[in-house]
Structure formats: structure tokens, C-alpha cells
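Inside the fold
So you can see what is in the structure, the chains are spelled out below.
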Amino acid sequence: MNDSSWGAPPRAGSQAGYWGPNDHGAVPHGPVQGAAPAGPAYDAPEAQQTRPMPIVPDVPAHGGNQDDDRGAARLGGPLFRDETFRDGTPHGGTFRNETSPAGAFRAETPSAQPPAAVPQNPEPMPDAPQPASAPQKKSAGRDLTAAIGVGVGLGAVIIASLFVVKAVFVGVIAVAVVVGLWELTSRLQERKGIKAPLVPLAVGGAAMVVAGYVRGAEGAWVAMALTALAVLVWRMTEPPEGYLKDVTAGVFAAFYVPFLATFVAMMLTADDGALRVMTFLLLTVVSDTGAYAVGWRFGKHKLAPRISPGKTREGLLGAVSFAMVVGALCMEFVIEDGTWWQGLLLGLAVAASATLGDLGESMIKRDLGIKDMGTLLPGHGGIMDRLDSLLPTAPVVWLLLVLFVGSG
């Protein structure tokens, strides 16, 4: 036995302290003091240009016959094999550790014929497909159940009062005006510190509606002037600081809410006044509904993004289309002496005025930094959030009906 073989480092891949067959076929069976740890080793400078090689399957050792085994101990792993023939000739493989006379290890060139079963450059596995996220549904932005319920309730009250006793409907208008003034003046004081006097506005607003129903346009203008004067006088009871902005806001509120609402009462004075008011309400609601439905489903181009980001040009086309169709039907079959082409013009005018009214109140709310004028109507906001498109549309419908079929 060659004693020098006991001092040689253990071959990579053998168990710690145990060797495979040496050059003379002897197999030591005990641990070696000071043996290097098991595993592949090679000179770093020579290995810098190496690249990972494929997995080499382990070949089971056959017992006893050293000529056939050509090394019983090997490391089963993806990159290294430790195998040396007795004559020192390296066996084919990826990296093999061959004992040099100096006892060092060196990396050998890969065999020219690697195992055919293992690909040389395996392609990386593709990433697992990610589940497609479900498309987000558009939100209506409000509680539709509550909104529909409140709308149906208000419609029932309006229709009952409109076709039973006209005076009751005038009272409904007056109540809506007073509540709307309360919401508007409250938001002005909360957000801007503007104290528009509510008492003269509420009394003058209700009187304005009644005067319009009793005395027509002349009575409405007189009541408007008296209400503005009452606002100026009432504010004099407080310190002068902020007087100008307070009375200006009060006169604006008197014109914006009760004076415009007076035209609804004036429509009611005609012989077919209930049908005219119903046409006015129906066209405004249909215009808003058409704008909402078409804009929610097809809206892509913003109409006035700095004022109301939710409104689209497609929604405006929907409002015009719906209102013109319903207007033609109403003028042909509901309003006496009306014609379908007049209904087309009426519907177009209603769509325009309702949209402008909605944008006008959106400007006010954006300036105040609020979303709704109130919370009185679940799903709708406040009274003013429902009057925004009705108020500017009332004088338009009143005027066109007077032009088309007279004031009778």
C-alpha cells in the first residue's frame, strides 16, 4: 500500500473522512485526521469562465470489481462528478476532480459527449399565467333603491295635488321653495360665512309663488321687488361688516329659488294648466334620466370637467334625444292645439336649460366645497339638488307654451 495515498485530500463527493478506491485499489475504512471537507473544489481563476452544466444522473456502483466500477464513490448532484480511473485518466462528465501530483484540484473540460437524456441549455420555465382581474363595474354613485323610492313618493304627492286641487299644488311649490332657501342660506353661512337673512327670504318667497298664481307675471315681479327690499332692511339690524355680501347673496337667493319657481305656478293658471305642469315635469325628468343612462353606459368625453366631472357629451346627446321624443309625444297628444314639431323644439330647449341648470348648481356646490346641498331626501341629497334643473327650465317651458298654444 502506498502511504502517500493516505495523505492525499479526500476526493470530492465521498463521505466525510472516507475515500473511494485509490490507485492501488485499497479502500480505507476509517476517518482521516485533518481531512478536508467533502465537496467540489477547484481553482477560482480557472472557474471564472465556466458555465452551469446539465444534471448528470448517478450511476450505481457495482460491488467488488474495481475494473468495472472505476471508482465506487461519487457525488450525486447536478454539477460535479468525482471519478478517476486507476491509471489517472479522467472519465467523461461535467466537472471532475482529479488528484494531481501536488494534491490540488483542477476543473477539467466537459466531455464532448454529455448524456443525451439531459439538454445542454434548458430553457427557463415560463411564468405561471396570472388570473385575469375581473373588470370593475361602474358605480351609480348613489343608493338607487332609496332614490327610486323617494322619487316615486314625490311623484305621487305631486300628481295627487296637481289633478285634485290646484291650490294644494301651489302650497307644495311654496313649501319646496322655503326648504330650498333654508338649505341654500345654511350652506352659504357654513362654508363662506355669508349671512343671507332667511326670514324675509322665506316669507317673500312663499308670497312670490302665491302672487304669481293669483296675479300672473305682474304679481311675481312686484313680490320679487318687495322681497329684495325686505332683505336690505332686515340686514340693517346687524353690524355693517359684511353687509354688502350678505344682501347680495339674499337677492340672488330670492331670484334663484322662489322667482324661478313662480313660473310653475303661472303655468298652472291656464285652462289645461295641470297638463302643462305635468309636461314640464315629465320633460325635465326624462332629460335628466336620458343624460344619466346614456352617460353612465356610453359616456367617455367630458362635457365640463372643471364644473361637473360626471357629465359627458354622450349624456347630453341622450338628454336631447329622450326629451325631444317625449316632447313630440306630449305636444301631439297631451297639449291641446300642439304639434309634434313644436314638441321637438320644446324637448331640445328643456334638455339645454336642464343641463345648464344642473351645471349652475354644480358651480355653486364646487365653490362651497360640498357634494350635496342637504340630506333631506335619501338617494337625492337635498331639495335644492332636485330643483337644480327644474328651476331654470320653468320659465323656458312657460314661455314656449305661451308662444305655441297661448296662455289660455
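Regarding its fold elements, the chain presents eleven helices and four strands. For the chain, the proportion of contacts with a sequence separation of at least 24, taken over those separated by at least 6, is 62%. When the accessible surface of the chain is split by element, carbon and sulfur atoms take 65% of a total near 22700 Å².

Before going further, it helps to spend a moment on the packing of helix 7 (residues 273–298) against helix 9 (residues 340–368). Running from amino to carboxyl end, helix 7 crosses helix 9 at an angle of 60 degrees, the nearest separation of the two axes being 9 Å. The two elements helix 7 and helix 9 cross, and the hand of that crossing is right-handed. Mapping the contact onto sequence places Thr 279, Leu 283, Thr 284, Ser 287 and Asp 288 in helix 7 and Leu 346, Val 350, Ala 351 and Ala 354 in helix 9. Its residues placed into classes, the contact of helix 7 with helix 9 shows five nonpolar, three polar and one charged.

Even without glycine at this site, Asp 337 takes up a positive phi of about 70 degrees. Positionally, Asp 337 belongs in the loop between helix 8 (313–333) and helix 9. Judged by relative accessible area, Asp 337 falls into the exposed class, the value being 62%.

Summarising the element assignment, Gln 342 is placed in helix 9. With relative accessibility at 8%, the residue Gln 342 sits in the buried group. Beyond its immediate chain neighbours, meaning those up to four positions away, Gln 342 contacts Met 331, Asp 337 and Phe 404.

Here strand 3 (residues 302–304) runs beside strand 4 (residues 308–312); their pairing, made up of two bridges, is antiparallel. The partner of Ala 304 across the bridge, within strand 4, is Ser 308. Here strand 3 folds back onto strand 4, and the loop between the two strands holds three residues.

The subject of this paragraph is the environment of Val 320. Following the sequence through the fold, Val 320 ends up in helix 8. When its relative accessible area of 18% is taken as the criterion, Val 320 is described as buried. The sequence separation of Val 320 and Leu 348 amounts to 28 residues, and the corresponding C-alpha distance is 5.6 Å. Excluding anything up to four places from it in sequence, Val 320 contacts Leu 348 and Ala 351.

Attention now goes to the environment of Trp 398. One can find Trp 398 in helix 11 (residues 390–405). Along the backbone, Trp 398 and Met 266 are 132 residues apart, and their C-alpha atoms lie at a distance of 7.8 Å.

Running from amino to carboxyl end, helix 4 (residues 166–192) crosses helix 5 (residues 198–235) at an angle of 155 degrees, the nearest separation of the two axes being 9 Å. As the angle between them shows, helix 4 and helix 5 are arranged roughly antiparallel. Of the two possible hands of crossing, helix 4 and helix 5 adopt the one that is right-handed. Between helix 4 and helix 5, the residues in contact are Lys 166, Val 170, Ile 173, Ala 174, Val 177, Val 178, Leu 181, Trp 182 and Thr 185 and Leu 198, Leu 201, Ala 202, Gly 205, Ala 206, Val 209, Val 210 and Tyr 213, respectively. Among the residues forming the contact of helix 4 with helix 5, the class breakdown is 14 nonpolar, two polar and one charged.

Together, Val 222, Leu 226, Leu 229, Leu 232 and Val 233 line one region of the surface with nonpolar side chains, adding up to about 430 Å² of accessible area. Mapped onto the elements, Val 222 comes out in helix 5. When its relative accessible area of 45% is taken as the criterion, Val 222 is described as partly exposed.

Before going further, it helps to spend a moment on the confidence of the model for the chain. For the chain, the mean per-residue pLDDT works out to 77, and 64% of the residues sit at or above 70. In this model, residues 59–87 is a region of pLDDT below 50 whose contacts with residues beyond four sequence positions or in other chains number 67 contacts. Throughout residues 91–115 the model reports pLDDT below 50, and contacts reaching past four residues in sequence, or to other chains, amount to 62 contacts.

Right, let's talk about the side chain of Asp 246 for a bit. Its location among the elements puts Asp 246 in helix 6 (residues 243–268). Classification of Asp 246 by relative accessible area gives buried; the value is 3%. Residues in contact with Asp 246, not counting those within four places in the same chain, are Ile 194, Lys 195, Ala 196, Pro 197 and Arg 235.

What follows covers the nonpolar core. Formed by 60 residues in total, the largest nonpolar core has its most connected members in Ile 173, Val 264, Val 277, Phe 280 and Leu 346. No other element matches helix 6, which puts 15 residues into this core. For Val 277, the contacting residues outside a window of four places in its chain are Leu 162, Phe 169, Val 264, Met 267 and Leu 268.

Moving on: the packing of aromatic side chains. Per the stated rule, a full pass over the model turns up six aromatic pairs. Taking the centre distance of 6.2 Å and the plane angle of 70 degrees together, the rings of Trp 341 and Phe 404 count as edge-to-face. Here Phe 404 lies in helix 11 and Trp 341 lies in helix 9, a separation of 63 residues in the sequence. According to the relative accessible area criterion, Phe 404 is partly exposed, its value standing at 21%. Here a set of aromatic residues connected by ring pairs shows up, and it is made of Trp 221, Phe 255, Phe 259, Phe 263 and Trp 398. One Lys or Arg, Arg 297, reaches over the ring of Phe 298 and ends 5.1 Å from the middle of that ring.

Thresholds applied
Residues numbered from 1 in each chain as written. Predicted model: local features only at pLDDT ≥ 70, side-chain atom pairs only at ≥ 80, totals over all residues. Heavy atoms only, no water. Helix = DSSP H or I, 4+ residues; strand = E, 2+ residues; numbered from the N terminus. Contact = heavy atoms within 4.5 Å. Areas by Shrake-Rupley, 256 points an atom, 1.4 Å probe, with all protein chains shown as cover. Axes fitted to C-alpha atoms, helices over the stretch in contact; angles between N-to-C directions. Left-handed = near helix turned anticlockwise from the far one by under 90°. Nonpolar A, V, L, I, M, F, W, Y, C, P; charged D, E, K, R; others polar. Buried < 20%, exposed > 50% of the residue type's maximum accessible area, 1.4 Å probe, protein only. Pairing = 2+ DSSP bridges. Parallel < 35°, antiparallel > 145°, perpendicular 65-115°, else oblique. Patch = residues over 30% accessible without salt bridge, like charges linked within 9 Å, V, L, I, M, F, W, Y side chains within 5 Å. Salt bridge = Lys/Arg side-chain N within 4 Å of Asp/Glu carboxyl O. pLDDT = per-residue confidence, 0-100. Core = buried A, V, L, I, M, F, W, Y, C linked by side-chain atoms within 4.5 Å. Phe/Tyr/Trp six-rings, centres within 6.5 Å; stacked < 30°, edge-to-face > 60°. Lys NZ or Arg CZ within 6 Å of the ring centre and 35° of its normal.

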